[in-house]
Amino acid sequence: MPQSPIRKLVPFAEEATKNGKTIYYLNIGQPDIKTPQIALDAVKVHSLEVLAYTRSEGSEEYRKKIANYYSNKDIDVNHEDIIVTTGGSEALLFAFGSIMDVDDEIIIPEPFYANYNGFSTSSGIQVVPVISKIEDNFALPAIEEFEKLITPKTKAILICNPGNPTGYLYSKEEIKKLAAIVKKHDLFLIADEVYREFTYDGNTHYSIMQEEGLEEHAIMIDSVSKRYSMCGARIGCLVSKNKAVIQTALKFAQARLSPPTLAQIASEAALNTPQSYFDDVIEEYVERRNILIEELQKIEGVQVATPKGAFYCIAQLPVKNSDAFAQWLLENFDVDGETVMVAPAGGFYSTPGVGLNQIRIAYVLKKESLIKAVHIIKEALKVYKD
Ligand SMILES: Cc1ncc(COP(=O)(O)O)c(C=O)c1O
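Remember, predicted model here, so these are calculated numbers, not experimental data.

Regarding the nonpolar core
One recurring pattern in soluble globular proteins: nonpolar side chains tend to sit buried together. Judged by nonpolar contacts, the single largest core of 136 residues is most densely connected at Tyr70, Ile106, Ile157, Ile190 and Leu296. A domain split of this core shows at least three residues from each of domain 1 (10-34 + 276-383) and domain 2 (38-270).

This is the structure we're talking about:
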């Protein structure tokens, strides 16, 4: 199993904290945004006498409400198309296990969410990367690039929309191109849409579940973690109109018995979160993104692609090895007792040697902290020697 590039530097951060340093955590997508109060209250006031298992596919009441949430997003599914999972993480594992055998291949535009590597390894499948470039703002590579990679072992294409770590938001046209290719080659299209709400600059999200004619091919991954700042709830879901996929994923769900019961109660209540909550959150993220990108662009030798969604960006630094740089920041550098923790981007690629001069930054901190954090990176780059 590969280490998580997001978490592997934690021991160095702990050591730095022990030594009295303050750390700005830009490495992990743990938002500082408050969880909606109605979700927290629902857990406090429930009248359960036994904290029992729920159905393996999740409580029917909750799934019906999720289906209703989707219909408000112009996604037409019913509760039987949904399996509630322990986070989007488990939904990804169920999807991989349900549609692929050992040694099958999945094509993923890279850089991609690092744990796709881990989930693929644990499912015994091979990631076949198609490279998207910082110079192109991480746009979808040409469709011919995908077609070149399709072999008899290819079972699926996986996209993350909006993207972690790039913040890339796929256009309707791009989804249509992917839909055409998966139909032509009879593949699945898995879309990780856990950041659906987080789109900026007037851009709207187009789900693979909105694409007509893709019903048998589309598998959507979702989660409450980021949407409601409920990462610790561990609730997500797998959604597909393909009955065989749902029946197979249900077997995986049965093997692990049930998704968390209390967290389903919280997640069900969270569905009543008013739109104003998202408006405020999105306004906050846009401001953070703008400040972050503006400050990073001021640093000589730093290249950054402007994210159109989610809350991450990839920055290319004038260093050879961002792993070493990130560790050095924690071990050997500070500005007035403060330093930063970033995620080296190499782990977000599966092609060896690519992305070694890049880092991923999660803009999940307040604006003032982001400004300070980028200042620290700027000062660090002045003295750092590879
Ligand atoms: C793109 C993406 N997919 C899935 C997940 C998994 O999230 P969870 O298991 O908390 O739902 C994450 C978490 O950061 C993510 O960024």
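And the narrative resumes.
What about the pattern of salt bridges?
Summed over all chains, the structure comprises 27 salt bridges. Residues Asp32 and Arg288 are paired through a salt bridge, measuring 3.0 Å at the closest nitrogen-oxygen approach. In this pair, Asp32 sits in the loop between strand S1 (22-25) and helix H2 (37-45) while Arg288 sits in helix H10 (residues 275-297), placing the two residues 256 residues apart along the sequence. In this structure Arg288 comes out as buried when scored by relative accessible area, which is 2%. The residue Glu57 makes a salt bridge to Arg55 at a minimum N-O spacing of 3.0 Å. Residues participating in the shared-partner salt-bridge network are Asp32, Glu284, Glu287, Arg288, Lys366 and Lys367.

Focus: the site of the ligand
Neighbouring the ligand are 13 residues, the closest being Gly88, Ser89, Asp192, Tyr195 and Ser223. A distance of 2.7 Å is found between an oxygen atom of the ligand and a side-chain nitrogen or oxygen belonging to Asn164. Separating a nitrogen atom of the ligand from a side-chain N or O atom of Asp192 is a distance of 2.6 Å. Taking 390 Å² as the accessible area of the ligand by itself, protein coverage stands at 93%. At three residues, the largest contribution of residues to the shell around the ligand is made by helix H4 (residues 87-99). Across the shell around the ligand, the residue classes tally to four nonpolar, six polar and three charged.

Thoughts on the packing of helix H3 (residues 60-72) against helix H9 (residues 261-270)
Put simply, H3 and H9 touch, their axes get as near as 10 Å, and they point 30 degrees apart. Our classification of the angle between H3 and H9 gives roughly parallel. In this structure, the crossing between H3 and H9 has a hand that is left-handed. When H3 is examined against H9, the residues Glu61, Tyr62 and Lys65 are found in contact with a partner set consisting of Gln264, Ser267 and Glu268. Looking at the contact of H3 with H9, its residues break down into one nonpolar, two polar and three charged.

Digging into the domain arrangement of the protein chain
According to the domain assignment, the protein chain consists of domain 1 (10-34 + 276-383) and domain 2 (38-270). The straight-line distance from the C-alpha centre of domain 1 to that of domain 2 is 26 Å. Each partner contributes to the interface: domain 1 provides 33 residues, whereas domain 2 provides 33 residues. Of the roughly 2800 Å² buried where domain 1 meets domain 2, counting both sides, 58% is carbon and sulfur surface. For domain 1, the biggest contributors to the area lost against domain 2 are Phe278, Lys308 and Phe348; these three give 23% of the whole. There are one salt bridge connecting domain 1 and domain 2. Where domain 1 touches domain 2, the interface holds 13 residue pairs in polar contact (both at pLDDT 80 or more). Broken down by secondary-structure element, the contributors of at least two residues to the side of domain 1 that touches domain 2 are H10, strand S9 (303-304), strand S10 (312-316) and strand S13 (358-362).

Scoring rules and cut-offs
- Residues numbered from 1 in each chain as written.
- Predicted model: local features only at pLDDT ≥ 70, side-chain atom pairs only at ≥ 80, totals over all residues.
- Heavy atoms only, no water.
- Core = buried A, V, L, I, M, F, W, Y, C linked by side-chain atoms within 4.5 Å.
- Buried < 20%, exposed > 50% of the residue type's maximum accessible area, 1.4 Å probe, protein only.
- Domains from an automatic or database assignment.
- Salt bridge = Lys/Arg side-chain N within 4 Å of Asp/Glu carboxyl O.
- Helix = DSSP H or I, 4+ residues; strand = E, 2+ residues; numbered from the N terminus.
- Near = heavy atom within 4 Å.
- Polar contact = N/O pair within 3.5 Å; in protein donor to acceptor, adjacent residues only side chain to side chain.
- Areas by Shrake-Rupley, 256 points an atom, 1.4 Å probe, with all protein chains shown as cover.
- Nonpolar A, V, L, I, M, F, W, Y, C, P; charged D, E, K, R; others polar.
- Axes fitted to C-alpha atoms, helices over the stretch in contact; angles between N-to-C directions.
- Parallel < 35°, antiparallel > 145°, perpendicular 65-115°, else oblique.
- Left-handed = near helix turned anticlockwise from the far one by under 90°.
- Contact = heavy atoms within 4.5 Å.
- Buried area = accessible area lost by both parts, 1.4 Å probe.

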